Amino acid sequence: MKKLVLLGALALSVLSLPTFADDKPVKIGIEAAYPPFASKAPDGSIVGFDYDIGNALCEEMKVKCVWVEQEFDGLIPALKVRKIDAILSSMSITEDRKKSVDFTNKYYNTPARLVMKAGTQVSENLAELKGKNIGVQRGSIHERFAREVLAPLGAEIKPYGSQNEIYLDVAAGRLDGTVADATLLDDGFLKTDAGKGFAFVGPAFTDVKYFGDGVGIAVRKGDALKDKINTAIAAIRENGKYKQIQDKYFAFDIYGK
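Residues numbered from 1 in each chain as written. Predicted model: local features only at pLDDT ≥ 70, side-chain atom pairs only at ≥ 80, totals over all residues. Heavy atoms only, no water.

Visitor: Tell me what's going on with the overall build of the protein chain, and back it up with residues and numbers.
Guide: A tally of helices and strands in the protein chain yields 10 helices and 12 strands. Once the C-alpha set of the protein chain is aligned to its principal axes, its extents read approximately 80 × 35 × 35 Å. For the protein chain, with 257 residues in total, the buried portion stands at 48%. Partitioning the contacts of the protein chain with sequence separation of at least 6, the portion at a separation of at least 24 is 70%. (Helix = DSSP H or I, 4+ residues; strand = E, 2+ residues; numbered from the N terminus. Buried < 20%, exposed > 50% of the residue type's maximum accessible area, 1.4 Å probe, protein only. Contact = heavy atoms within 4.5 Å.)

See below:
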């Protein structure tokens, strides 16, 4: 009888473990300030590549998505305290971040670039950045790269809460340039009116130490959601949904090698 009671108690404990049933929404953290990956439409809704990919993944997993907006540097803390269940906000997979969270397989991969006034000469050794004010988003991999690589060369690194704030100060001449994801800079700044007169300068930055192995979706350590998302990523790559979303925003293969 005691064995039956014990088995019953164990069954109840297993049933009480948190799971992602079809009727339980998955809360996804995103910063909607990075067109074309995520931004706000005039009606206040979120639009962009990240948002569409997330919805496609949730549809594939047959779960409801609830999007939770959060500044980028608050996303991992929000994940840890369970305010959100996943981060889908162009977050690069790095060894440093893997100490705090688990990552899915990548869902895209692009290099980082430096944007400054068109015609600015920046060589491979970046020596020309001495004394230049370079804006970076606080808490991003680009901030770490700038502080560890550009600052020792004499660049003045200025952290900001969002990339949009950086664009304003670059356009106004309060910053000499910015380092960020190349696609983000191209669509979010260079192709806009504010970005006229600016251009990519210097080399592309791809060092795995700083920029990781592509962009993935972060979940809590040990969370089974990781495997479900990986299966869904593979499925939308296979069934053509990924390409359909990609072609809506980009004229090239953003998934990378």
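Visitor: Give a detailed account of the sheet that holds strand S10 (residues 177–181), specifying residues and quantitative values.
Guide: Taken in spatial order, the 5 strands line up as S9-S8-S10-S7-S11 in an open sheet, and their pairing is mixed. Of all strands in the sheet, those bounded by a partner on one side alone are strand S9 (156–160) and strand S11 (198–205). Within the sheet, the average angular offset between the axes of one strand and its neighbour, ignoring direction, is 30°. Judged from the 2 bridges that link them, strand S8 (residues 133–137) and S10 form a sheet pairing that is parallel. When the sheet's bridge partners are listed, glycine 135 is paired in S10 with threonine 178. (Pairing = 2+ DSSP bridges. Axes fitted to C-alpha atoms, helices over the stretch in contact; angles between N-to-C directions.)

Visitor: Would you mind going over the nonpolar core in detail, with residue names and values included?
Guide: Core analysis: the largest hydrophobic core is formed by 59 residues, its most contacted members being Phe49 and Leu57. Looking at which element gives the most residues to this core, the answer is helix H2 (residues 49–61), with 6 residues. Both domain 1 (24–107 + 213–246) and domain 2 (111–204) contribute no fewer than three residues apiece to this core. Apart from the residues within four sequence positions on either side, phenylalanine 49 is in contact with Pro36, Phe37, Tyr107, Tyr108, Tyr242, Ile245, Gln246, Tyr249, Phe250 and Ile254. Ala112, Val122, Val201 and Phe205 belong to the second-largest nonpolar core, a separate cluster that totals 19 residues. (Core = buried A, V, L, I, M, F, W, Y, C linked by side-chain atoms within 4.5 Å. Domains from an automatic or database assignment.)

Visitor: Explain H2 residue by residue, including any values.
Guide: The terminal C-alpha atoms of H2 lie 18 Å apart, and with 13 residues this matches the ideal 18 Å at 1.5 Å per residue to within 8%. On its buried side, H2 packs onto strand S1 (26–30), strand S4 (65–69), strand S5 (86–92), strand S12 (215–219), helix H9 (225–239) and helix H10 (241–249). One or two steps after H2, the chain reaches lysine 62, where phi turns positive at roughly 60°. (Expected span 1.5 Å × (residues − 1).)

Visitor: Tell me what's going on with the pattern of salt bridges, and back it up with residues and numbers.
Guide: A complete count under the given rule lists 12 salt bridges for this structure. For lysine 99, the salt bridge goes to aspartate 96, with nearest N and O atoms at 4.0 Å. Exposure remark for lysine 99: the relative accessible area of 65% places this residue in the exposed category. Overall, aspartate 96 belongs to the partly exposed group, its relative accessible area being 44%. Among the salt bridges present, the one from arginine 144 reaches glutamate 148, with a minimum N-O distance of 3.2 Å. Of the two residues, arginine 144 and glutamate 148 are both situated in helix H5 (residues 141–150); the distance of 4 residues between them amounts to about one turn of the helix. In this structure arginine 144 comes out as partly exposed when scored by relative accessible area, which is 30%. (Salt bridge = Lys/Arg side-chain N within 4 Å of Asp/Glu carboxyl O.)

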